[in-house]
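Structural characterization, general
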Amino acid sequence: MTSEMTERAGHSPAGEARSGEGIDRVVVVMPAHNEDQHLDRALAALRAAADTLQRARPAVETAITVVLDTCTDRSADIAAGYAAADPRFTAIQVRLGSTGGSRAAGVLAAGITTGPRSGSTWLANTDADSAVPRNWLVRQVEMADAGADAVLGSVEPDPAGTDPAILRRWLERHPFREDHPHIYGANFGVRASAYLAAGGFPRMRAHEDRVLVENLRKQAYSVQATDTNRVITSGRTHARAPQGFGAYLRVLALDLPQLDLPALDRGSGDFRP
């Protein structure tokens, strides 16, 4: 297996649990805004990943929080069905109009606070238009147990719903490899103690995940990037967030030079109704 990139510098923040503490609890947070076309697949994939983790690590607790932000479609009904059938699922409703705010609300609702368990709790983040692989949580826990404080996973636009020309241009700019430079909210995990010390997800118009990762790096936490748990995400170009993944794909559809593509593939931000 190729080695993952590890970033370390400086000293640990006082009193914070650092790399190497074993994970005994996993909390998954998924924001959703009017995603009834994708949510069932997304939740079914999460359930399969949680089942795989339970078989591999039966001592690890797993909880999944769906944050329904200003939903007016059937998303709440779909999430409620999973919560009724599986005690690992919880759904909350908020009116924030912000992916970053929704992620932060989900973390708060899951009871993540500074304390003795924060170093052994892992926060896994994905999106409601995405499908995680079965090894998604197992791989993050493995990397956390080996010393990672944050894991930057890779994503792939769903070939079934993506224009072939856009997919080709995207793949040209995003080769699948270890130590990749990309940050995707649809495939991001972080140790709870590191998340709290770095200030959590800020409520911003865009790039709340990128800002959190930058803060983690500034505080010398171990940030590792991998392609071993790739997530399939929607290839839609009608973007919910003005600088999110869909907006980036829309720019790719115009076939602009790479220099005209700033960090649009790195954030999410406030969504549009």
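Calculation notes
- Residues numbered from 1 in each chain as written.
- Predicted model: local features only at pLDDT ≥ 70, side-chain atom pairs only at ≥ 80, totals over all residues.
- Heavy atoms only, no water.
- Buried < 20%, exposed > 50% of the residue type's maximum accessible area, 1.4 Å probe, protein only.
- Helix = DSSP H or I, 4+ residues; strand = E, 2+ residues; numbered from the N terminus.
- Pairing = 2+ DSSP bridges.
- Polar contact = N/O pair within 3.5 Å; in protein donor to acceptor, adjacent residues only side chain to side chain.

With that settled, the discussion passes to the pairing of strand β4 (residues 121–125). Within β4, five of the five residues are buried, leaving the element largely enclosed by the surrounding structure. Of the two faces of β4, the one lined by T121, L123 and N125 and the one lined by W122 and A124 are each fully buried. One ladder, built from five bridges, connects strand β1 (residues 25–32) with β4; its direction is parallel. The residue bridging V29 from the neighbouring strand is N125, located in β4. In the sheet, β4 pairs with strand β8 (residues 188–191) via four bridges, with the strands oriented antiparallel. Looking at the pairing, A124 lines up with G189 of β8.

Below, the discussion takes up the environment of H33. With respect to the element layout, H33 can be found in the loop between β1 and α1 (39–56). For H33 and T72, which are 39 residues apart along the polypeptide, the C-alpha to C-alpha distance reads 8.3 Å. Within the structure, the side chain of H33 is placed 2.9 Å from the backbone oxygen of D69, a separation counted as a polar contact.

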